[in-house]
Amino acid sequence: MTVDTATEVTATETGNAGVVVPVGIVGFGWMGRAHAQAYARVRHHYPQLTPVPKLMVIADEVAERAAEAAAQFDVPSTVTDWHDVVDDPAIGAVSVTAPNFLHREIGCAVVAAGKHLWIEKPVGLSADDARAVATAARAAGVQTAVGFNYRNVPAVAAARELIAAGGIGEVTHARFRLFSDYAAHPDGALSWRFQRARGGNGVLGDLASHGADLVWFLLGDIESVVADTAIFVPDRPRPTGSTSGHQLASGGERGPVENEDYVSAQMRMSSGARCVLEASRVSVGAQNSYGFEVHGTEGVVRWDYRRMGELEVGDGREYQDLAVATRFVGPGAGDYAAFQPGAANPMSYDDLKVIEAARFCASITGGTGGATIDDAVRSAEVLDAMTTSVREAAWISPASMR
């Protein structure tokens, strides 16, 4: 799909002569709100961006939630059926932030209608689901973006450049972690997230998908994996009404948790390096404890999401007793300059979604984009390989999941 000339606007409408793309959001939980905020802010940080997104419709099955969001973000229309967004010829791009089990159906429908797609990870419940959306997007000739937030961090971009330039020598081994406590409470509501048919493979899709993308982004292709998984909270109370986020449902009838709370995987990289990826949604005392540590023959680089603008770097050829120093990233690292003028000014999670929105919009008119549906397929193949490894107690190649 190309942006039609009918979407041209005047300088008084945008503050800058350009092109707008009308967008819709399907699903308005926390992530739908993150997308809405990103669309609202993106022009502030990227004043030359084209096309400019204009949020025109919100779809959510809870009408009151959609109406409240529309009032807050000055959106002219709300619907309870996502098909109405897909069928609207005025909408040029759609954010899909609905539950995982709906991603394949909605994603394929969006791109088949000729609309550009920004979709959250994991794209569906398996690599087959992600491939279906990717195939449909290629056939339609539309642009895609996928919510792999953490590759957008300027410090991560700086780490990637350091590694690629040989700043720590040849990578020998690495460890990636994604620990959270959002499901640690035993009375957390038994929402769709804990059901195999609707939430897929649990923490693998929710957190390890980010890890698989970061491993590839920093270290390249994964040759094979061997994995172990566990369910540590075996049952939860059923909610008595609609839920949002990770609400408690104390006192309700309890039902079984069907998908994984925890995963650990050893990886053999195509480069010959070794890597460990570990993720948990039930880590008591760990709130968004995400990060990595990459060792090379001549140094090390470490990053912690909770100290987003910092890298710990040891580089040189001392080998033993090498000093490791904290570096504060600044302009010149990734998209940092779009947000802050000098090093050590903090950025936020919401800023990462603004970067994502900007890259998505830029891709529509031939600019440089970010993570795409092809990246979601690659990540999903790694997750499928982990699941197969657990079942077969063997090393599995992600390539064999194609």
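For the structure, check the block above.
Residues numbered from 1 in each chain as written. Predicted model: local features only at pLDDT ≥ 70, side-chain atom pairs only at ≥ 80, totals over all residues. Heavy atoms only, no water.

Peer 1: Please clarify how the side chain of D60 should be interpreted in this entry.
Peer 2: With respect to the element layout, D60 can be found in the loop between β3 (52–59) and α3 (63–73). Among the polar contacts listed, one links the side chain of D60 to the side chain of R65, at a separation of 3.0 Å. Setting aside residues no more than four positions away along its own chain, D60 makes contact with G27, F28, G29, R65, A66, V79 and T80. (Helix = DSSP H or I, 4+ residues; strand = E, 2+ residues; numbered from the N terminus. Polar contact = N/O pair within 3.5 Å; in protein donor to acceptor, adjacent residues only side chain to side chain. Contact = heavy atoms within 4.5 Å.)

Peer 1: Looking at this structure, how should I read the sheet that holds strand β17 (residues 325–328)?
Peer 2: Picture the strands of a sheet paired through backbone hydrogen bonds; they go either parallel or antiparallel. As summarised here, the arrangement of the eight strands in space is β9-β12-β13-β8-β14-β15-β16-β17, forming an open sheet in which the pairing is mixed. Both edges of this open sheet fall to β9 (222–230) and β17, since each of them pairs with a single strand only. Neighbour-to-neighbour, the strand axes of the sheet open up by a mean angle of 15°, direction not taken into account. Against the sheet, helix α9 (residues 203–219) contacts β8 (171–179), β9, β12 (262–269), β13 (274–280) and β14 (289–296), and its axis sits at roughly 155° relative to β13. Against the sheet, helix α11 (residues 373–392) touches β9, β12 and β13, its axis set at about 60° to β9. (Pairing = 2+ DSSP bridges. Axes fitted to C-alpha atoms, helices over the stretch in contact; angles between N-to-C directions.)

Peer 1: Just to check I follow, could you spell out the packing of α9 against α11 for this structure?
Peer 2: When two helices pack together, you describe them by how their axes are tilted relative to each other and by the distance separating the axes. The geometry of α9 relative to α11 is characterised by a closest axis approach of 9 Å and an angle of 115° between their N-to-C directions. As the angle between them shows, α9 and α11 are arranged roughly perpendicular. The handedness of the crossing between α9 and α11 comes out as right-handed. Contacts between α9 and α11 pair L204, G205, A208, S209, A212, D213 and W216 from the former with D375, R378, S379, V382, L383, M386 and T387 from the latter. (Parallel < 35°, antiparallel > 145°, perpendicular 65-115°, else oblique. Left-handed = near helix turned anticlockwise from the far one by under 90°.)

Peer 1: Is there a simple way to explain unusual backbone geometry in this structure?
Peer 2: What is expected of a backbone is that most residues other than glycine have negative phi and most peptide bonds are trans. Cis geometry is found at the peptide bond from T50 to P51, where omega equals -5°. On the secondary structure map, P51 appears in the loop between α2 (30–45) and β3. Between K121 and P122 the backbone carries a cis peptide bond, its omega angle lying at -15°. Residue D321 is not a glycine yet carries a positive backbone phi of 60°. Mapped onto the fold, D321 is located in the loop between β16 (310–315) and β17.

Peer 1: It is not clear to me how empty space enclosed by the protein should be interpreted in this structure. Could you clarify?
Peer 2: Any empty space left between atoms is shown by rolling a water-sized probe over those atoms. Applying the stated rule across the entire model yields four cavities of 30 Å³ or more. Together, 15 residues line the largest cavity, and P122, V123, G124, A380 and L383 are the ones closest to its centre. A per-element tally of the lining of the largest cavity places α11 first, with five residues. Among the residues forming the lining of the largest cavity, the class breakdown is eight nonpolar, five polar and two charged. Lining the second largest cavity are V153, P154, A155, M308, G309, V329, Y336, N345, P346 and M347. (1 Å grid on protein atoms, 1.4 Å probe; cavity = no way out; pocket = protein on both sides within 12 Å on 5 of 7 lines; lining within 4 Å. Points joined across faces, edges and corners; volume = space filled by probe spheres on them. Nonpolar A, V, L, I, M, F, W, Y, C, P; charged D, E, K, R; others polar.)

Peer 1: How should helix α6 (residues 127–140) be read in this particular structure?
Peer 2: For α6, which comprises 14 residues, the first-to-last C-alpha distance of 20 Å matches the rise-based estimate of 20 Å (1.5 Å per residue) to within 8%. Along α6, the positions that sit buried rather than exposed are A127, D129, A130, A132, V133, A134 and A137. Along its buried surface, α6 packs onto α5 (103–112), β6 (116–119), β7 (144–146) and α11. Within two residues after α6, G141 carries a phi angle of roughly 70°, on the positive side. (Expected span 1.5 Å × (residues − 1). Buried < 20%, exposed > 50% of the residue type's maximum accessible area, 1.4 Å probe, protein only.)

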